[in-house]
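# A structural walkthrough
Spelled out from the first residue to the last, the chains are:
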6 protein chains.
Amino acid sequence: MTNSKILIKDIQQGDFVNSKFAVVEKSLSLGKNGKYLRLILGDATGRIEARVWNDAEQVSFLFNVNDVVDVEAVAVDYNGIQLNIKRISKADSYNPLDFLPTSSKDIAKMWDSFRKTISDEISDIMLKKLLYSIFDDRIIEQKFKKSPAALTVHHAWIGGLLEHTLEVVHLCSFISRTYPESLNKELLIAGAMLHDLGKISEYAVSGVSFQQTDTGKLLGHPVIGCSMLKQKIDSIQGFSASTAVLLQHMVLSHHGKLEWGAPVKPQTVEAEMLFLCDLISARKTRFDVVKETCEKESWSAWDRFLERRVFAGNNR
Amino acid sequence: MTNSKILIKDIQQGDFVNSKFAVVEKSLSLGKNGKYLRLILGDATGRIEARVWNDAEQVSFLFNVNDVVDVEAVAVDYNGIQLNIKRISKADSYNPLDFLPTSSKDIAKMWDSFRKTISDEISDIMLKKLLYSIFDDRIIEQKFKKSPAALTVHHAWIGGLLEHTLEVVHLCSFISRTYPESLNKELLIAGAMLHDLGKISEYAVSGVSFQQTDTGKLLGHPVIGCSMLKQKIDSIQGFSASTAVLLQHMVLSHHGKLEWGAPVKPQTVEAEMLFLCDLISARKTRFDVVKETCEKESWSAWDRFLERRVFAGNNR
Amino acid sequence: MTNSKILIKDIQQGDFVNSKFAVVEKSLSLGKNGKYLRLILGDATGRIEARVWNDAEQVSFLFNVNDVVDVEAVAVDYNGIQLNIKRISKADSYNPLDFLPTSSKDIAKMWDSFRKTISDEISDIMLKKLLYSIFDDRIIEQKFKKSPAALTVHHAWIGGLLEHTLEVVHLCSFISRTYPESLNKELLIAGAMLHDLGKISEYAVSGVSFQQTDTGKLLGHPVIGCSMLKQKIDSIQGFSASTAVLLQHMVLSHHGKLEWGAPVKPQTVEAEMLFLCDLISARKTRFDVVKETCEKESWSAWDRFLERRVFAGNNR
Amino acid sequence: MTNSKILIKDIQQGDFVNSKFAVVEKSLSLGKNGKYLRLILGDATGRIEARVWNDAEQVSFLFNVNDVVDVEAVAVDYNGIQLNIKRISKADSYNPLDFLPTSSKDIAKMWDSFRKTISDEISDIMLKKLLYSIFDDRIIEQKFKKSPAALTVHHAWIGGLLEHTLEVVHLCSFISRTYPESLNKELLIAGAMLHDLGKISEYAVSGVSFQQTDTGKLLGHPVIGCSMLKQKIDSIQGFSASTAVLLQHMVLSHHGKLEWGAPVKPQTVEAEMLFLCDLISARKTRFDVVKETCEKESWSAWDRFLERRVFAGNNR
Amino acid sequence: MTNSKILIKDIQQGDFVNSKFAVVEKSLSLGKNGKYLRLILGDATGRIEARVWNDAEQVSFLFNVNDVVDVEAVAVDYNGIQLNIKRISKADSYNPLDFLPTSSKDIAKMWDSFRKTISDEISDIMLKKLLYSIFDDRIIEQKFKKSPAALTVHHAWIGGLLEHTLEVVHLCSFISRTYPESLNKELLIAGAMLHDLGKISEYAVSGVSFQQTDTGKLLGHPVIGCSMLKQKIDSIQGFSASTAVLLQHMVLSHHGKLEWGAPVKPQTVEAEMLFLCDLISARKTRFDVVKETCEKESWSAWDRFLERRVFAGNNR
Amino acid sequence: MTNSKILIKDIQQGDFVNSKFAVVEKSLSLGKNGKYLRLILGDATGRIEARVWNDAEQVSFLFNVNDVVDVEAVAVDYNGIQLNIKRISKADSYNPLDFLPTSSKDIAKMWDSFRKTISDEISDIMLKKLLYSIFDDRIIEQKFKKSPAALTVHHAWIGGLLEHTLEVVHLCSFISRTYPESLNKELLIAGAMLHDLGKISEYAVSGVSFQQTDTGKLLGHPVIGCSMLKQKIDSIQGFSASTAVLLQHMVLSHHGKLEWGAPVKPQTVEAEMLFLCDLISARKTRFDVVKETCEKESWSAWDRFLERRVFAGNNR
């Protein structure tokens, strides 16, 4: 039994909780004993259901979704762990990063692994120079480690961009080894590392959630990333003009279809493989996200990204 | 009656012709008196039908489509002017520009009119600076004046890019005056001037015809142009970041729909108006081109760009 | 400070208001001090927010959306002008036209300008005869001046049809002057004047709002308008059969695409230009409408007509 | 064994033929013994293969496709009946109707049956009056009996419109009897009789083949037919306005989908049933036409109307 | 006037009702006299509106949608018959079949008629053997008689599968007689009888409503039915391999289009006709269902299955 | 220098060739010295250009495409190796398998590797039993080793089905190891092994080329394979019903989209991953095939399967 600051992932039945959380959802509901306030609270480590049983209506005016609140509560088990809230009020000061969902993987380790890809897989001197000039840029590194890979669809958490990019690099690396005669391995891996670079300018933290920036909406990450890449290439004397175009092509076309926002279709086999590996990572993670919403049901609700209902019955 | 070098637009019935022309089409046909060679010849001023009646088969091996040939012929009237060829052989040396189709408008005058738009319509100092930095760049000017606006669809001739851009500028200017409360005139006109800038790298002369470059196919002119624009903006200290994004957005989105190669849809009213004015110029010109192929028929063949057959019967 | 009948566009902070308004929206909301009634009221000159703070629930049963109400209120400033309602009850009698949104432009002047197009731009005697036979028909004139151009998408107000048609005529006129060799100016302008004629039977006033008629839904304004046009043409002896078909074709095809309700695609260049000018007027106005909903936000909500979110940030 | 004028359907092996035929296809082919001319000849009763073995090239200049020719030939069996041509020359005079493909059913009988539908199935006096006013109009009757139902897709022969319309009437009649509570039988049958009325102006005989008229292309038969119908209704005093709209709606919407050229979707159950019965008649006949092209193959070539290959293997 | 067990179809104004019903919809509403509970109750014979005026909120916790309740009420006329509920409580025991919507036609008679099709229409011994082996299988018979034809779209009631299948058989039979040269009647009728066989495993009763089974969602009834059919065919020695494939093809392709869930397009004329007859039955019934929701309105709400609003105004 | 039987892959400049080949393409062309016969010949190891210079026209009647011919020729270098044919005649007898394109990989080794997957990756006893019951069935094994994976798109050679399936198994195996918490490895690998099983009945050898069977066209390999699988499962007592459905679902849905012939969308994450791995193998191979057609060009012709032109310029 603990009392005081505790992370959501560590809360257990019977704990007395005295912590700050972000308000993710808020709604008034009607129970047998009258109105109660139903909350979903969040911090970097997860989300938890919570209830306010007394004065629910008045309490509901004290804070809004996306605010951070000070909470005193006891953890009870009611079809899973739930906070029974005694006191709740808007918090004065806090570090927003503490309340954003965060990758379950170690960001520093992922970064090391990602950066090591350059020395392990790339032998071409110019390509190596380019990749270091980008990923050793401290501003890029800082943003790249913190950015999510999407707002809601998949990898929508701090470190999500890095986690997703690393997955795509590994898939591309495997495919390059499987088809050595057909694929230019170094080009494909460099493309995989760079494909979502523009996302570091597409998303920004707003309060305790992520938002798409104006630039992100007006230009889109494929073009933003292509532009960043071009600028870095222009600063490297002697970089092959044709490789420059092929890399930009991969970044631009990685959404695979015009109607999915690629200004050009993949026209090289490496660009096509990058598109499909990106899709595997995104779809796999989206299935995970949707299946988590199923709880004890066998079927999910309609998912507008996958355009289908998902069967979760085979996991039990 | 003339003899010797003559331009296609000047050829009249009875002329003796002794000139160089590009071979645009070549085919062997069977007539009542045996095989003859059917040619379409071209120079900067137009195209003309021609026939070789003797030794057609042997003569046909002497040159290919896209070659330039020395021709001696007499102009006869056979359902329109046609060259009756006496002698024809592959030319040794020539200036390719003499054989590419060329705008019927005066390129220098169009350029003056285009450049004058900046002083006449743009009062914002930074925007003016940007436009001069681009269109006073001699390399850009040279390419911009020579580039076609497309390979085959519309304005597919030297000076076509300038001619088309000027049309779009005029349409946007009129619309800005019509809706002064709704449209940011200077933003719209600047966007119109810049929208097809990337085409100067998308097309290149190959022999006596135009080709799309590798870069053009792999990146597409909206992104190429956006990239050029970004580079020029970055060199102007104090240029508004938000205007920079809005201009890039217009260049990127001017194809109007994702499935037409815009990586983002037009999200500002100026971007949407630019898209529609561009469409008016392109469609109008495509109708002209298709109707010219009708000759004496009321209906064109199926046109895969317009996705319809065109009625030309109302022009007679 | 005024008291008594006042138009919405004239209401200022502090005014005592004693007027009739239409109820455009009605909802019960929960505030810190309990339930209140949130209204949007309208008249021909605009819309205004209003609140009933006392007995909100009972008051809410006294009238419905689309009713006209007698209101006593004071205008206060609460993030913009708002009516604080003291008394409100269903009105007994009123003229529906007083409560329908109305064009901000002078309808009589627009009509003069529209009618003058015939003498200014049309020299063909038969075409002139046709246009006068239609627009000098008093029943048509009355309906044409009052009809909206749509229910919700654009120009959804009294006089909207006239306002929109005039815009399209001006655009077509400019384009005809720009491309004199390619376009039949008189045909295009006549088509522009006639293109939405069928809308006078497609919409009808129902209470204090517009509705689509059964005929409008079952036949659609392109066919209704084509039918009206055909009837007028048949009454003019000697009217050219081919011009008759070309005019009908423009009216029928002005939605541009089969999936947008055109039974045939535009097959003449004039029909295509009419379609695009119509689109410019409609899209421009839709952007205006959507941007007005943004208030202080940079981005609109998803708009199902434009199929995108709109950026309004460049207007500030 | 006969000699002289003979219809294609009557030609048998060994016959000496001395008749006029239309030239449907013409091509020079290369056989073991040199070039020969391969023809497909046609008259109102069918088509037949024919060969010219001597002087094939010279003979080929004597006539073109769509000409009518005088033929002297002997009928031989070579994988089916084929004409071995001795003499062939362009015919001077002939009645085009003798050479157009014609329904295998008796047109006069079909017309009686069609006209009898009015007395048998329609009891509503106004509807009866309308149908008689249309189908007792001698100009309409003449055209309706001769028109094909399409150029190439289905029922592309003289009498085809009548044959197809009768099929649709029978299907609609059956469906009305099957669902008496759901369907307004008289409305549905009247709609079925009228649905393709506009085709009498959409197609015209040109030489010895059918062509789509300019009006047909520019307006389309649903609108042309709706217009004819409207005109007839307007001439009948007291005709119900709502029935008038419902009938027009059925004619306009009978293509079922906007992308198939219906300006509005079927919005009544009768309009929807008409669309589907029309589809059954058209598809059934298209399958027949495609399967006939299979000869001894089990599978047809790709059919662009059905958008599939058709299996004919179950007919043997 | 009756008291006690009564079926919904028999309830009349003034009846005292003491019966079990299923709860189809439940909502709390606000009236002039405070909150009341609005219910829609159902049994096998229909649905009826009901109200609880006292203690509405507390009563609302006593049961949920899809429960069966014991009801004491009086039937009043309030814009149609409505139950004024005195007492209501969750029922202890009941037979779910009593509360599922049921075909208005006699299931035993439909089954006799359906089974008689085999002897009346099928002369081929093998085909007859196959159909008897399927429809004389008691497990299949029991399921086939009880299954609905869909969850919500059409024929969504006990006996609905049989009712729909019989309709399709009758349509196919009529079409076979209409086109005897084009259609293989026995193949088409057998296909019609079998086309929805898989639905007996696609739907299941869950509480007092229908649900799609996991197998139904994961495999779909065309494939399930094809599989059942294959198994039965394999058990009949000497069954023609080609007929086996043609029958499976009809079952698989009866949705007509790939995007509607057919793994292959109909490639035989019989498969195409089956698809269209199935569509007629489904669309007709969907129009009926949608029109019933219109009550006194002329137009239905948007229907997502028909993708349109439906006009019901011609039924009054 | 060799003379006599030689495989195409072994032919070198100067070789005298005396072998049998299949005729893949045949056309008469016109050269400076008159007509010549241009052939593409093939055997199991590849294809080669060939020419007949003398009596080309007569020789062309001696055989057709898809025949096997006896050839005497000398290999010359003319922009690559080419056969200069001295004598050529239709062959009397041959083994068709000698002339079908064949995988460049060793089929026996691939089979061992494929079969070993069962013991290496599958621990579930029932699943193992199922896979052995299928792949130890000698008829299946024989067909599976010989079948192509497609007619023209990808892996269109003997052993192609095995080669492609093995690729998909390896990709799925890698992905299972990458995402152990999200994916049921054994289910995914079993699905990968089984996904194209139906192709053994979809394709057949016809002469010296592959054809789709009637059954293949009418049912499609996803359903055929699902049916085979079901039959094998039914023969294994105690096989889990839910696993049976999940496996069938993977086979049915592996085309990923309804419009690509999947009767159901992938609704489990394993089915989705299988679809994407299948796509990687197919697309990679299609790019290879298309790039081979480029020879010395940088860009391929339009490819209707990839719906794009492919850039091959980065391979040189």
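Naming follows an unreviewed UniProt entry, where chain A appears as 3'-5' exoribonuclease YhaM of Koleobacter methoxysyntrophicus.

On to the overall build of chain A. The helix and strand inventory of chain A stands at eleven helices and seven strands. Taking all 316 residues of chain A together, 55% fall into the buried category. By element, 49% of the accessible surface of chain A is carried by carbon and sulfur atoms, the whole surface being about 13800 Å². Treating the 39 positive side-chain charges of chain A as one cloud and the 39 negative ones as another, the clouds have centres 2 Å apart.

Attention shifts here to the environment of Ala244(E). Residue and element names in this part refer to chain E. With respect to the helices and strands, the residue alanine 244 is situated in helix H10 (residues 241-253). Residue class for alanine 244 comes out buried when judged on its relative accessible area of 9%. Taking the C-alpha atoms as reference, alanine 244 lies 24 Å from tryptophan 260; in sequence the two are 16 residues apart. Discounting chain neighbours no more than four positions away, the residues touching alanine 244 are Ile233 and Phe239.

A separate point is the arrangement of the chains. Spatially, chain B is disjoint from chain E: no contact exists, and the shortest C-alpha separation is 20 Å. With no contact formed, the shortest span from any C-alpha in chain C to any C-alpha in chain F equals 20 Å.

Side-chain direction in a regular strand flips from residue to residue, so the side chains alternate between the two faces of the sheet. Residue and element names in this part refer to chain D. Sheet topology places strand E1 (residues 16-31) next to strand E4 (residues 68-77); seven bridges connect them, and they run antiparallel. For alanine 22, the partnering residue across the bridge sits in E4 and is valine 68. In sequence, E4 turns back onto strand E5 (residues 81-90) through a hairpin of three residues, with asparagine 79 there showing a positive phi of about 55 degrees.

With an RMSD of 0.1 Å, the fit of chain A onto chain F corresponds to turning through 180 degrees and sliding 0.1 Å along the axis. On this basis, the relationship between the two copies can be described by a two-fold rotation axis. The rotation axis passes nearest to the C-alpha of Leu276(A) in chain A, at a distance of 3.6 Å.

Below, the discussion takes up the interface of chain F and chain B. Often, the extent of an interface is quoted as the loss of accessible area on bringing the components together. The partner chain B presents six residues to the six residues of chain F that form the contact. With both chains or domains summed, chain F and chain B bury close to 600 Å², and 68% of this area falls on carbon and sulfur atoms. At the junction of chain F and chain B, the tally comes to zero salt bridges. At the surface where chain F touches chain B, the tally comes to one residue pair in polar contact (both at pLDDT 80 or more). Broken down by class, the residue content of the side of chain F that touches chain B amounts to three nonpolar, one polar and two charged.

As a further point, take the relation of the copies chain F and chain B. After a rotation of 120 degrees and a shift along the axis of 0.1 Å, chain F superposes on chain B with an RMSD of 0.1 Å. Taken together, the rotation and translation relating the two chain copies correspond to the operation of a three-fold axis.

It is worth spelling out the side chain of Thr285(D) at this point. Residue and element names in this part refer to chain D. Along the polypeptide, threonine 285 turns up in helix H11 (residues 269-292). Threonine 285 sits in the buried class, given a relative accessible area of 5%. Of the polar contacts made by the side chain of threonine 285, one reaches the backbone oxygen of serine 281; its length is 2.8 Å. Aside from chain neighbours lying at most four places away, what touches threonine 285 is His154, His155, Trp157 and Glu167.

All names here are of chain A. As far as domains go, chain A holds domain 1 (3-98) and domain 2 (101-289). Distance from the C-alpha centre of domain 1 to the C-alpha centre of domain 2: 37 Å. Contacts between the two partners involve eight residues from domain 1, matched on the other side by seven residues from domain 2. Roughly 630 Å² of surface becomes buried between domain 1 and domain 2 when both sides are summed, with 62% attributable to carbon and sulfur atoms. Taken together, the connections running from domain 1 to domain 2 amount to zero salt bridges. In this structure, the connection of domain 1 to domain 2 is made through two residue pairs in polar contact (both at pLDDT 80 or more). Residue composition of the side of domain 1 that touches domain 2, grouped by class: six nonpolar, one polar and one charged.

All names here are of chain C. The end-to-end C-alpha distance of helix H9 (residues 221-234) is 20 Å, a good match for the 20 Å that 14 residues give at a rise of 1.5 Å each. For H9, a buried count of ten out of 14 residues is recorded, marking the element as mostly surrounded by other parts of the structure. Those residues of H9 lying buried are His221, Pro222, Val223, Ile224, Gly225, Cys226, Ser227, Met228, Leu229 and Ile233.

Turning next to the sheet that holds strand E5 (residues 81-90) of chain C. The strand order E1-E2-E3-E5-E4 (chain C) describes a closed barrel built from five strands, whose pairing is mixed. Going across the sheet, the axis of each strand differs from the next one's by a mean of 50 degrees, ignoring polarity.

By definition, a disulfide links the sulfur atoms of two cysteine residues through a covalent bond. Residue and element names in this part refer to chain E. Evaluated as defined, the whole model comprises zero disulfides over all chains. Sulfur of cysteine 277: no disulfide; nearest cysteine sulfur belongs to cysteine 172 and is 3.9 Å away. Judged by its relative accessible area of 0%, cysteine 277 is buried.

Opposite the 37 residues of chain A that make contact, chain F presents 37 residues. Approximately 3300 Å² of surface area, both sides summed, lies buried where chain A meets chain F, with 63% of it carried by carbon and sulfur atoms. Applying the counting criterion to the chain A and chain F interface returns four salt bridges. When the shortest N-O distance is used, the salt bridge between Arg283(F) and Glu272(A) registers 2.5 Å. On inspection of chain A and its partner chain F, the count reaches 16 residue pairs in polar contact (both at pLDDT 80 or more). Across the side of chain A that touches chain F, the residue classes break down as 19 nonpolar, six polar and twelve charged.

Using the criterion set out here, one finds 63 aromatic pairs over all chains in the structure. Aromatic pair Trp111(C) and Phe114(C): ring centres 5.6 Å apart, planes at 40 degrees, arrangement tilted. Placement of the pair is Trp111(C) and Phe114(C) together in helix H2 (residues 107-121), with a separation of three residues, close to one helical turn. Judged by relative accessible area, Phe114(C) falls into the buried class, the value being 0%. Considering the side-chain rings of Phe114(D) and Phe135(D), the 4.9 Å spacing of their centres and the 85 degrees angle between planes classify their relative orientation as edge-to-face. Taken together, the residues span a long stretch of sequence, with Phe114(D) in helix H2 (residues 107-121) and Phe135(D) in helix H3 (residues 125-135) at a distance of 21 residues. Judged by relative accessible area, Phe135(D) falls into the buried class, the value being 0%. Its end group placed over the ring of Phe63(E), Lys26(E) keeps NZ or CZ at 5.8 Å from the ring centre. Geometry around Trp260(E) places Lys257(E) over its ring, the cationic atom sitting 4.3 Å from the centre.

Definitions and cut-offs
- Residues numbered from 1 in each chain as written.
- Chains lettered and ligands numbered in written order.
- Predicted model: local features only at pLDDT ≥ 70, side-chain atom pairs only at ≥ 80, totals over all residues.
- Heavy atoms only, no water.
- Helix = DSSP H or I, 4+ residues; strand = E, 2+ residues; numbered from the N terminus.
- Buried < 20%, exposed > 50% of the residue type's maximum accessible area, 1.4 Å probe, protein only.
- Areas by Shrake-Rupley, 256 points an atom, 1.4 Å probe, with all protein chains shown as cover.
- Lys, Arg positive; Asp, Glu negative; His and termini not counted.
- Charge placed at Lys NZ, Arg CZ, Asp CG, Glu CD.
- Contact = heavy atoms within 4.5 Å.
- Pairing = 2+ DSSP bridges.
- Least-squares fit on C-alpha atoms with pLDDT ≥ 70 in both.
- Buried area = accessible area lost by both parts, 1.4 Å probe.
- Salt bridge = Lys/Arg side-chain N within 4 Å of Asp/Glu carboxyl O.
- Polar contact = N/O pair within 3.5 Å; in protein donor to acceptor, adjacent residues only side chain to side chain.
- Nonpolar A, V, L, I, M, F, W, Y, C, P; charged D, E, K, R; others polar.
- Domains from an automatic or database assignment.
- Expected span 1.5 Å × (residues − 1).
- Axes fitted to C-alpha atoms, helices over the stretch in contact; angles between N-to-C directions.
- Disulfide = S-S within 2.5 Å.
- Phe/Tyr/Trp six-rings, centres within 6.5 Å; stacked < 30°, edge-to-face > 60°.
- Lys NZ or Arg CZ within 6 Å of the ring centre and 35° of its normal.

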